[in-house]
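Per-entry structural report
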Amino acid sequence: MSRRARLVLFGLGAVGLAVLWVVATGGLPPVGTDVHPYRDAAVAAAAAHATANVVASINFDQRAVDTLGEETILLASVVAVTTLLRPADDERVEPPDPPPAVLPATRVAGWALLPVTLLVGADVVLHGHLTPGGGFQGGVVLATALHLLYLAGSFPALQWVRPTRWAPLVEPAGSGLFVVTGLVGLAAGAGFAANILPTGVLGAPLSSGTVLVLNVVAGIGVGASIVTLLGQFLRQEVVIGPEAAS
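The rules behind the values
Residues numbered from 1 in each chain as written. Predicted model: local features only at pLDDT ≥ 70, side-chain atom pairs only at ≥ 80, totals over all residues. Heavy atoms only, no water. Helix = DSSP H or I, 4+ residues; strand = E, 2+ residues; numbered from the N terminus. Buried < 20%, exposed > 50% of the residue type's maximum accessible area, 1.4 Å probe, protein only. Contact = heavy atoms within 4.5 Å. Salt bridge = Lys/Arg side-chain N within 4 Å of Asp/Glu carboxyl O. Axes fitted to C-alpha atoms, helices over the stretch in contact; angles between N-to-C directions. Parallel < 35°, antiparallel > 145°, perpendicular 65-115°, else oblique. Left-handed = near helix turned anticlockwise from the far one by under 90°. Nonpolar A, V, L, I, M, F, W, Y, C, P; charged D, E, K, R; others polar. Expected span 1.5 Å × (residues − 1). Core = buried A, V, L, I, M, F, W, Y, C linked by side-chain atoms within 4.5 Å. Phe/Tyr/Trp six-rings, centres within 6.5 Å; stacked < 30°, edge-to-face > 60°. Arc of directions from axis to C-beta. Patch = residues over 30% accessible without salt bridge, like charges linked within 9 Å, V, L, I, M, F, W, Y side chains within 5 Å. Areas by Shrake-Rupley, 256 points an atom, 1.4 Å probe, with all protein chains shown as cover. Lys, Arg positive; Asp, Glu negative; His and termini not counted. Polar contact = N/O pair within 3.5 Å; in protein donor to acceptor, adjacent residues only side chain to side chain.

**Focus on the environment of L85**
- Among the secondary structure elements, L85 is positioned in the loop between α4 (64-84) and α5 (104-126).
- In this structure L85 comes out as buried when scored by relative accessible area, which is 17%.
- Spatially, the C-alpha atoms of L85 and R235 are 8.8 Å apart, while their sequence positions differ by 150 residues.
- Among all residues touching L85, those that are not within four sequence positions of it are Q232, F233, R235 and Q236.

**Focus on the pattern of salt bridges**
- The full count for this structure, using the stated rule, is two salt bridges.
- Between R39 and D40 there is a salt bridge, with its nearest N and O atoms 3.0 Å apart.
- Its salt-bridge partner being R63, residue D66 comes within 2.8 Å of it at the nearest N-O pair.
- Taking the relative accessible area as the measure of exposure, R63 reaches 44% and is therefore partly exposed.

**Looking at the packing of α5 against helix α6 (residues 135-146)**
- At their nearest, the axes of α5 and α6 sit 7 Å apart, and the two run at 165 degrees to each other. Classified by the angle their axes make, α5 and α6 are roughly antiparallel. With respect to the hand of their crossing, α5 and α6 are arranged in left-handed fashion. Facing L114, T117, L118, V120, G121, A122, V124 and V125 of α5, the residues of α6 in contact are G135, Q137, G138, G139, V141, L142, A145 and L146.
- For the contact of α5 with α6, the residue count by class is 10 nonpolar, six polar and no charged.

**Remarks on helix α1 (residues 3-25)**
- With 23 residues, α1 should cover 33 Å at 1.5 Å per step; its first-to-last C-alpha distance of 32 Å lies within 8% of that length.
- Among the 23 residues that make up α1, zero are buried, leaving the element largely open to the surroundings.

**Concerning the nonpolar core**
- Within the largest apolar cluster, 20 residues are counted, with the highest numbers of intra-cluster contacts made by L114, L149, L158, I226, V227 and L229.
- Where this core is concerned, the elements lending two or more residues are α4, α6, α8 (155-161), α9 (167-187) and α10 (210-240).
- No other element matches α10, which puts six residues into this core.
- Setting aside its immediate chain neighbours within four residues, L158 contacts L146, H147, L149, Y150 and L234.

**Some words on the packing of aromatic side chains**
- Taken as a whole and judged by the stated rule, the model has two aromatic pairs.
- Chaining the aromatic ring pairs together yields one cluster made of F60, F136 and F178.

**Concerning α6**
- For α6, with 12 residues, the first-to-last C-alpha span of 17 Å sits near the 16 Å given by 1.5 Å per residue.
- Where α6 is concerned, the buried positions are G135, G138, G139, A143, A145 and L146. All buried residues of α6 project into a common sector of 155 degrees when viewed along the axis, lining one side.

**Considerations on a nonpolar patch on the surface**
- Taken together, V180, V184, I196, L197 and V213 make up a surface patch of nonpolar side chains, about 350 Å² in accessible area.
- Along the chain, V184 falls in helix α9.
- Judged by its relative accessible area of 44%, V184 is partly exposed.

**Comments concerning the side chain of D61**
- Position of D61 relative to the elements: it lies in helix α3 (residues 54-62).
- Here D61 is buried and forms no salt bridge, its nearest opposite-charge partner R63 lying at an N-O distance of 11 Å.
- Side-chain polar atoms of D61 contact the side chain of N195, separated by 3.2 Å.
- Apart from the residues lying within four places of it in its own chain, the contact partners of D61 are H49, A56, A193, N195 and V211.

**What to know about the side chain of S225**
- Tracing the sequence through the fold places S225 in helix α10.
- Given the relative accessible area of 0%, S225 is considered buried.
- There is a polar contact of 2.8 Å between the side chain of S225 and the backbone oxygen of G221.
- Those residues in contact with S225 that lie beyond four places of it in its chain are L74, V78 and E171.

Okay, here's the thing in structure tokens:
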């Protein structure tokens, strides 16, 4: 493509983006006032579906399609990293070198915090419809918990505990369950990702309908994604690494 064609293509795209931006922002309320129509509508919609955490209601109910896009972006990122970090022709996989010595207090803290962090991550996921947090945040905490073993100086233990074989399959499964949940709402005639499950009582553990379900699905998918990403990076650094190049 010539330079002139690229400039023409850029100009058309820039004009289209500018038009969309004007249309999208033209009807917004002024900044710095006490008029917040979206806030009022979002809070009312969250209360109507017994979702105490309004942010979770926006992410997994009112704008669940946007969240599905974020799940898809995360899946694409995992696929890209896994593809790029495959051993090259001039590299070979070797057993990792003995880990450097760590302080006994660091090792004890890593092992002791592992179950605590797993419980915190599960709590953040399961209570995302009630309190700040949710599937994305809790999934990161769950994946981080396993990698405390690496900080404790035990890469072999991390390899034994970390589900590297099935984690790459869980993330697309989580995204698929997200889509299935959305299709259930579509099949019921309420629209894609519509909240059609019983919403229960505001503040109860089993409330908010599909918001709780999608929180759990997102937590599983995000946790598996982070495990896969960190597994690829650590494998490149510790198992392959520059010193393993042939």
